[in-house]
Amino acid sequence: MKFYPFITLSLRTVVAFSALAGSAFSLVWLEQRQAAAPLPSQRRWNETSPLVVVDAGHGGHDGGAVANGVIEKNMSLDIAKRVMKELEAAGVRVVMTRSGDRFLSLDERAALAGEHGADAFVSVHLNTEGEGNEAEGIETYFAESRALSARQLVPGGDGRGQRAGGSAEFASRVQRLVCDATGAENRGVKARDYAVVARAACPAVLVECGFITSASEVVRLKEAGYRDKVADGIARGVVLFLQTQSAQAPVVAAVLKADGGSRGR
Ligand SMILES: [Zn+2]
């Protein structure tokens, strides 16, 4: 909002300048000012916008899985960045665990959720199967033991247990929307205590976005347009979850409404 007075002042300056020195130069100057203006999504941000940590699996010396010319750490980062763009377009603040080819421990990744007071944590990975196995499709994991222990810590519940337990609901929403967006085989939601989701201090899921060992699925995953669909589905699942969970839901809902749901599948 603080940009508008500045732009108004600039326009006045331009008009005054035009009157004195002609309009050609000032029009160029005005165009440059507009080009430098922040993106609409960034203008929507404020301290009440929900914050999501997006984790690109592996990185640095940890390449993750390798198959069919794909190194997991590179593709997970590519998809994570697309998820970031989609979330930011929906008015959600995003913290990436890594934005380049960098190694972080699972604890370092999970800790970012607590440090930033995140509302949700989503980790992006690619799946593999042994040779001769043509498994394909998408599956989403959450950490059941974490949800259970949180409930035990807070008998009767004061919201903390519910918050931790929200991971199962989070996983089911992401799983459904990412399968809707991609048309990929739905391998379902699974409970497993992966450290990165078990240790995050907010609802957390890990999405296995497809099998790079599958001859057919890896072809799709290599297409940027398909990775956009994966990212779009993940982001929609995150936003839908935030809408149902958070007191900040009206912010997200309003932003989504303003967007008109125009982004395709
Ligand atoms: Zn992985």
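Each remark here, short or long, concerns the structure printed above.
What comes next concerns the included structure. Just so it is clear, the structure is predicted and the values come from calculations on it, not from any experiment. (Residues numbered from 1 in each chain as written. Predicted model: local features only at pLDDT ≥ 70, side-chain atom pairs only at ≥ 80, totals over all residues. Heavy atoms only, no water.)

What follows concerns the overall build of the protein chain. For the protein chain, the count of helices and strands is 11 helices and 8 strands. Within the protein chain, the fraction of its 265 residues that count as buried is 45%. Nonlocal contacts in the protein chain, meaning residues at least 24 apart in sequence, comprise 79% of its contacts between residues at least 6 apart. Element-wise, carbon and sulfur atoms account for 55% of the exposed surface of the protein chain, whose accessible area totals about 13000 Å². (Helix = DSSP H or I, 4+ residues; strand = E, 2+ residues; numbered from the N terminus. Buried < 20%, exposed > 50% of the residue type's maximum accessible area, 1.4 Å probe, protein only. Contact = heavy atoms within 4.5 Å. Areas by Shrake-Rupley, 256 points an atom, 1.4 Å probe, with all protein chains shown as cover.)

Another point: the coordination of the zinc ion. Octahedral metals with six donors have ideal donor angles of 90 or 180 degrees. Tetrahedral metals with four donors have an ideal donor angle of 109.5 degrees. Donor atoms from the polypeptide that coordinate the zinc ion comprise H58 (NE2), E72 (OE) and H125 (ND1), at 2.1 to 2.2 Å from the metal. Counting gaps between the donor residues of the zinc ion yields the pattern H-x13-E-x52-H. Of this pair, H58 sits in the loop between β1 (51–56) and β2 (66–67) while H125 sits in strand β5 (residues 120–127), placing them 67 residues apart in sequence. Each member of the pair, H58 as well as H125, is classed as buried. (Donors = N, O, S within 2.8 Å, 3.2 Å for Na, K, Ca; no water.)

Three or four residues apart is the spacing at which side chains of an α-helix point the same way, because the helix has 3.6 residues per turn. Buried within helix α5 (residues 106–115) are the following residues: R109, A110, L112 and A113. Along the long axis of α5, the arc covered by the buried residues comes to 140 degrees, so they all point the same way. Those residues of α5 hidden inside the fold are in contact with β1, β4 (93–96), β5 and α8 (195–198). A positive backbone phi angle near 60 degrees is found at G117, which sits one or two residues after α5. (Arc of directions from axis to C-beta.)

Looking now at the sheet that holds strand β6 (residues 138–142). Ordered by their spatial adjacency, 6 strands build an open sheet running β4-β1-β5-β8-β6-β7, and the pairing between neighbours is mixed. Strands with a single pairing partner mark the edges of an open sheet, and in this sheet they are β4 and β7 (186–191). Mean inter-strand twist for the sheet, computed between neighbouring axes without regard to direction, equals 20 degrees. Relative to β4, β1 runs parallel, the two sharing 4 bridges. Counted as the bridge partner of V52 is V94 from β4. Of the strands in this sheet, β1, β4, β5 and β8 (204–211) touch helix α4 (residues 72–89), which is tilted by about 145 degrees from β5. (Pairing = 2+ DSSP bridges. Axes fitted to C-alpha atoms, helices over the stretch in contact; angles between N-to-C directions.)

Most of β8 is tucked away: 8 of the 8 residues are buried. Relative to β8, β5 is paired through 6 bridges, and the arrangement is parallel. Its bridge partner being in β8, V122 is matched across the sheet by V205. Pairing analysis gives 3 bridges linking β6 to β8, with the strands arranged antiparallel. Bridged to Y141 within β8 is L206.

For the pair α4 and helix α10 (residues 224–245), the least separation of the axes is 8 Å and the interaxial angle reads 55 degrees. The orientation of α4 relative to α10 falls into the category oblique. The element α4 and its partner α10 pack so that their crossing is right-handed. Contacts between α4 and α10 pair M75, D78, I79, R82, V83, E86 and L87 from the former with A224, R227, D228, V230, A231, D232, I234, A235, V238 and V239 from the latter. Here the contact of α4 with α10 is built from residues that sort into 11 nonpolar, no polar and 6 charged. (Parallel < 35°, antiparallel > 145°, perpendicular 65-115°, else oblique. Left-handed = near helix turned anticlockwise from the far one by under 90°. Nonpolar A, V, L, I, M, F, W, Y, C, P; charged D, E, K, R; others polar.)

Any link to function would need more than the numbers given here.
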